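What follows is the residue order along each chain.
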Amino acid sequence: MKPIVSPSILSADFAHLSKDMEMINRSEADWVHIDIMDGVFVPNISFGFPVLKYVAELTSKPLDVHLMIVQPEKFIPEVKALGADIMNVHYEACPHLHRVIQQIKEAGMKPAVTINPATPVMLLQDIIRDVHMVLIMSVNPGFGGQKFIEHSLEKVKELRAMIDRTGSKALIQVDGGVNLETGAKLIEAGADVLVAGNAIFAADNPEEVIKQMKSL
Ligand code: DX5
Ligand code: ZN
């Protein structure tokens with residue numbers, strides 16, 4: 001099966017956003033990855049809902065919303081109002097993760113959970129059957145353009161084994177330092193969804209990079 005490719009607009013040109021969004025619409029990309037940061041859970045602030053309203057209007061692809069914020073459950077109505085297909089919250093930001101996952105489902109979105117590089121895969125054992133997707137961060141979240149942490153490949157393999165063992169249908173997504181080289185290794189390790197910011201938007205021909213990622 002071809003990988004799902006989700007370009008991260010954190011690396012897009014916000015002065016000419018419609019140009020980059022048109023490129024994504026034209027391309028073979030499956031989803032649009034949206035990184036929301038609060039300056040508390042991660043040491044950076046990205047963009048909020050007033051800006052994302054326009055991003056959502058500019059795309060024809062499903063929105064894959066990655067919330068790097070504390071108390072993400074407070075924003076379920078706002079994420080739903082954007083028209084998000086997937087609402088992704090961090091394991092480390094949700095002491096009552098099971099409840100948050102149920103609330104996302106009740107709001108009519110697909111729930112996903114993200115783990116940071118230092119969070120072990122085995123902690124997902126009791127939630128893996130309830131989520132649509134798990135995102136393995138392959139950099140410490142907060143910034144685009146960082147170097148891929150090689151150990152993430154082991155985590156993908158471990159998660160693949162957990163999914164197969166438990167009969168979960170969860171997709172495996174990876175985010176951070178993903179390019180054609182690390183992407184190929186991730187697919188081999190068992191990943192289903194590749195998120196890429198810098199590798200796509202800093203390329204001379206972003207549409208071609210997306211096409212090549214789809215053929216990994
Ligand atoms: C990082 C974000 C990523 C980021 C990836 O905290 O979650 O989605 O945009 O950027 P690259 O692909 O440049 O590492
Ligand atoms: Zn992200």
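Provided above is the structure to which this section pertains.
All of these numbers come straight from a predicted model, not from anything done at the bench. (Residues numbered from 1 in each chain as written. Chains lettered and ligands numbered in written order. Predicted model: local features only at pLDDT ≥ 70, side-chain atom pairs only at ≥ 80, totals over all residues. Heavy atoms only, no water.)

So what about the layout of surface pockets? Which residues, and what values?
The space that makes up the largest pocket amounts to roughly 250 Å³. Lining the largest pocket are 25 residues, and of these G144, G145, D175, G176 and G177 lie nearest its centre. Tallied by class, residues from the lining of the largest pocket come to eleven nonpolar, twelve polar and two charged. (1 Å grid on protein atoms, 1.4 Å probe; cavity = no way out; pocket = protein on both sides within 12 Å on 5 of 7 lines; lining within 4 Å. Points joined across faces, edges and corners; volume = space filled by probe spheres on them. Nonpolar A, V, L, I, M, F, W, Y, C, P; charged D, E, K, R; others polar.)

Can you explain the sheet that holds strand β6 (residues 133-137)? Please cite residues and give values.
Ordered in space as β1-β8-β7-β6-β5-β4-β3-β2, the eight strands form an open sheet in which the pairing is parallel. Both outer strands of the open sheet, β1 (4-7) and β2 (32-37), are each paired with one neighbouring strand and no more. Strand after strand, the sheet turns through a mean of 25° between neighbouring axes, direction not considered. Two elements, β6 and strand β7 (residues 171-175), share five bridges in a ladder whose sense is parallel. Across the sheet, residue L135 finds its bridge partner in β7, namely Q173. Strand contacts of helix α5 (residues 152-166): β5 (110-115), β6 and β7, with the helix running at about 160° to β6, the strand carrying the most contacts. (Pairing = 2+ DSSP bridges. Helix = DSSP H or I, 4+ residues; strand = E, 2+ residues; numbered from the N terminus. Axes fitted to C-alpha atoms, helices over the stretch in contact; angles between N-to-C directions. Contact = heavy atoms within 4.5 Å.)

Residues and numbers for the pairing of strand β4 (residues 86-90), please.
Within a regular strand, the side chains alternate between the two sheet faces. Of all five residues in β4, five are buried; the element is thus mostly enclosed. With burial as the criterion, each face of β4 is covered, one bearing I86, N88 and H90 and the other bearing M87 and V89. Since strand β3 (residues 63-68) and β4 lie parallel, the crossover through helix α3 (residues 76-82) that links them has a hand, and here it is right-handed. Of the pairings in the sheet, the one linking β4 to β5 comprises five bridges and is parallel in character. Bridge assignment links H90 to a residue of β5, and that residue is T114. (Buried < 20%, exposed > 50% of the residue type's maximum accessible area, 1.4 Å probe, protein only. Right-handed = clockwise from strand over helix to strand, strands pointing away.)

An account of the nonpolar core is needed here, citing residue identities and associated values.
Counting 61 residues, the largest nonpolar core has I9, I34, L159 and L186 as its most contacted members. Every residue in contact with L186, bar those within four places of it in the chain, is listed here: F148, L153, V156, V174, V178, A191 and L194. (Core = buried A, V, L, I, M, F, W, Y, C linked by side-chain atoms within 4.5 Å.)

Explain unusual backbone geometry residue by residue, including any values.
Even without a glycine there, the phi angle at Q71 is positive, about 45°. Along the chain, the position of Q71 falls in the loop between β3 and α3. By relative accessible area, which is 39% here, Q71 ends up partly exposed.

Can you tell me about the coordination of the zinc ion (ligand 2), naming the residues and giving the values?
The protein atoms that coordinate the zinc ion (ligand 2) are H33 (NE2), D35 (OD), H66 (ND1) and D175 (OD), at distances of 2.0 to 2.3 Å. With six donor atoms in place around the zinc ion (ligand 2) and angles of 70 to 167° between them, the coordination shape is octahedral. Read in sequence order, the donor residues for the zinc ion (ligand 2) give the motif H-x1-D-x30-H-x108-D. Of this pair, D35 sits in strand β2 while D175 sits in strand β7, and the two are 140 residues apart along the sequence. D175 carries the same exposure label as D35, and that label is buried. (Donors = N, O, S within 2.8 Å, 3.2 Å for Na, K, Ca; no water. Tetrahedral: all angles 85-135°; square planar, octahedral: opposite > 155°, others 65-115°.)

Describe the site of ligand 1, naming the residues involved and giving the relevant values.
Lining the immediate environment of ligand 1, one finds 20 residues, of which S8, D35, G142, G145 and D175 sit closest. Interatomic distance of 2.8 Å between a backbone N/O atom of G197 and an oxygen atom of ligand 1. Protein chains bury 99% of the 380 Å² of accessible surface belonging to ligand 1 in isolation. Looking at the shell around ligand 1, the elements that each hand over two or more residues are β2, β3 and β8 (193-196). With three residues, the single largest contributor to the shell around ligand 1 is β2. Of the residues assigned to the shell around ligand 1, the class counts are eight nonpolar, ten polar and two charged. (Near = heavy atom within 4 Å. Polar contact = N/O pair within 3.5 Å; in protein donor to acceptor, adjacent residues only side chain to side chain. Areas by Shrake-Rupley, 256 points an atom, 1.4 Å probe, with all protein chains shown as cover.)

Functional significance is not addressed by these values, which are geometric in nature.
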